[in-house]
Structure formats: structure tokens, C-alpha cells
Amino acid sequence: MLRIIKRYLLMLTLLSYAGSVSAIVTEALPKAQAKHFCQLLINDGNSIAPLNYHARSLMTQEDSLTAEQLFAGYIFFQDNWKTMRFFPHTGEDGIVTWYAPTDQLPSTLSPEHQKYIREVFPRLSNEIQAGNWETVDAYIDKMIEYQCKYGGSEAADTIEPSHLIGIIVLFLIGLAVISFLIRNFAAKITKQ
């Protein structure tokens, strides 16, 4: 039950950012690369799910951007990749732990893997800035391959359908809160 509550709190926290993401994201990846990137898995501390799950469940489409473009833009152009757990490692005890690029990495992780975890996002970000989309896709493919190779059976874990109702309820509550805040802000502006 605690795991479910933590997941809902994470979802609500991410949802609270969702209302302001479109205002924050001024640049976006092309649709194909954003969709490709959002196939990567992320460990939210309680479960492992594809980024597109978070993008689609927490974001709404704005203008001509897809949810994946908004989410990927939020991650790359605001440097939010630094704290997201993209990289699995199986410890000596057989337990898979996922790490963010800025986490303290265990000494059991080879220098080669530590270097990859530390450098792949800055390099990927540089390729995105340069518009080298074939290279961007190659980096993403390698990251997906890394996750599948080192993520163990956890990499196949998905969101349990029984939690979907709670997620939908939180999403609707979040939309109501965001709508309320926007209406109040608009009312204050019109009074001035």
C-alpha cells in the first residue's frame, strides 16, 4: 500500500509540473526523436515504466507539440535528465538498482560503465542542440540496449492495471487544481 501511495505522490508531483511545462519548454525535439526517446525506461523509485507512460499520463498536447515532445523538451532543455534514474546496475547481491547520471555510483560498477552513465546525456544533448537526428537516434538505441541488457527482469516491469484508476483520479484532480489556479491568475490580471 505504501508503494501505491508513493507512486501516486510522484504522479501528483509530476502533474503539478505538467501545467507549467509548456511555458517552460521553448524548444522541442522533432516528433520522431521525442517518441523514440520516450521509449526509454525510468525508475521512479517504486516501479519501472517507459517515459512515454509519464509523458502521456501527465502531459496534455499543446499547440503542435506532442506529449512526448513536451516531456523530452522538459528533460533536455531544462537539464532535468540529471536526476532521472535511467541506468540499471546489478549489484553483487543480484539486486538491480537504477541510477541517475549525477548519483554516487557504486565501486562495483566498472569505470567504463561509470563513464558511459556520466557522459551519455551531455553528448546526447550536444547532438540534439546540433540537430544531428541520426546520431540522436543512435544514442537512444544504445541507451535502450543498455537498459535491456543491464536492467534484468525489472526492465520488463510495467504499471499494474489496478493502479490505473488511481492514476486517472489523480490526473483529474491535478487538472482541476491547475484549472483553478489559471482561473484565479486570469481573474487577478483582469482586475489590474
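For clarity, every value in this text was computed on a predicted model and none was experimentally measured.

About the criteria used
Residues numbered from 1 in each chain as written. Predicted model: local features only at pLDDT ≥ 70, side-chain atom pairs only at ≥ 80, totals over all residues. Heavy atoms only, no water. Helix = DSSP H or I, 4+ residues; strand = E, 2+ residues; numbered from the N terminus. Buried < 20%, exposed > 50% of the residue type's maximum accessible area, 1.4 Å probe, protein only. Contact = heavy atoms within 4.5 Å. Areas by Shrake-Rupley, 256 points an atom, 1.4 Å probe, with all protein chains shown as cover. Core = buried A, V, L, I, M, F, W, Y, C linked by side-chain atoms within 4.5 Å. Pairing = 2+ DSSP bridges. Polar contact = N/O pair within 3.5 Å; in protein donor to acceptor, adjacent residues only side chain to side chain. pLDDT = per-residue confidence, 0-100.

*Asks:* Teacher, can you tell me more about the overall build of the protein chain here?
*Replies:* In terms of helices and strands, the protein chain carries seven helices and four strands. Listing each helix as α and each strand as β along the protein chain from the N terminus yields α-α-β-β-α-α-β-β-α-α-α. The buried share among the 192 residues of the protein chain stands at 41%. A sequence separation of at least 24 residues applies to 61% of the contacts in the protein chain between residues at least 6 apart. Carbon and sulfur atoms form 57% of the exposed surface of the protein chain, whose accessible area is close to 10,800 Å².

*Asks:* What is the right way to look at helix α4 (residues 67-77) in this model?
*Replies:* Think of an α-helix as turning once every 3.6 residues; residues three or four places apart then point the same way. The buried fraction of α4 amounts to 11 of the 11 residues, a majority that puts the element mostly inside the structure. Taken as a whole, α4 has its buried residues at A67, E68, Q69, L70, F71, A72, G73, Y74, I75, F76 and F77. Once α4 finishes, D79 follows within two positions and takes phi at roughly 55 degrees, a positive value.

*Asks:* Explain the nonpolar core here, please?
*Replies:* Where a protein is soluble and globular, its nonpolar side chains tend to be buried together. In this structure, F37, L51, F76, F86, F87 and F121 are the most contacted members of the largest nonpolar core, which totals 29 residues. Where this core is concerned, the elements lending two or more residues are α2 (31-37), α3 (51-58), α4, α5 (111-130) and α6 (133-150).

*Asks:* Looking at this model, I keep getting lost on the pairing of strand β4 (residues 96-99). Mind explaining?
*Replies:* Side-chain direction in a regular strand flips from residue to residue, so the side chains alternate between the two faces of the sheet. Across four bridges, strand β3 (residues 87-90) lies against β4 in antiparallel orientation. Paired with F87 across the bridge in β4 is Y99. Turn length for the β3-β4 hairpin, with the two strands adjacent in sequence and antiparallel, is five residues, and the turn residue G94 shows positive phi of about 85 degrees.

*Asks:* Just to check I follow, could you spell out the environment of D93 for this structure?
*Replies:* The topology assignment puts D93 in the loop between β3 and β4. Residue classification places D93 among the exposed positions, given a relative accessible area of 58%. A polar contact is formed between the side chain of D93 and the backbone nitrogen of I95, at a distance of 3.0 Å.

*Asks:* How do you make sense of the side chain of Q33 when you look at a structure like this?
*Replies:* Along the chain, Q33 turns up in helix α2. Aside from chain neighbours lying at most four places away, what touches Q33 is W133, V136, D137 and I140.

*Asks:* Honestly, the confidence of the model for the protein chain in this entry has me stumped. Any pointers?
*Replies:* When pLDDT is low, close inspection of the predicted coordinates is not appropriate. The pLDDT averaged across the protein chain works out to 73; a share of 60% of its residues lies at or above 70. Within the protein chain, the lowest mean pLDDT, 44, falls on helix α1 (residues 2-24), and the highest, 93, falls on α5. With pLDDT under 50 throughout, residues 4-26 is counted as low confidence; its partners more than four residues away or in other chains account for 39 contacts. Note that pLDDT drops below 50 for residues 156-166; the model gives that stretch 15 contacts with residues more than four away or on any other chain.

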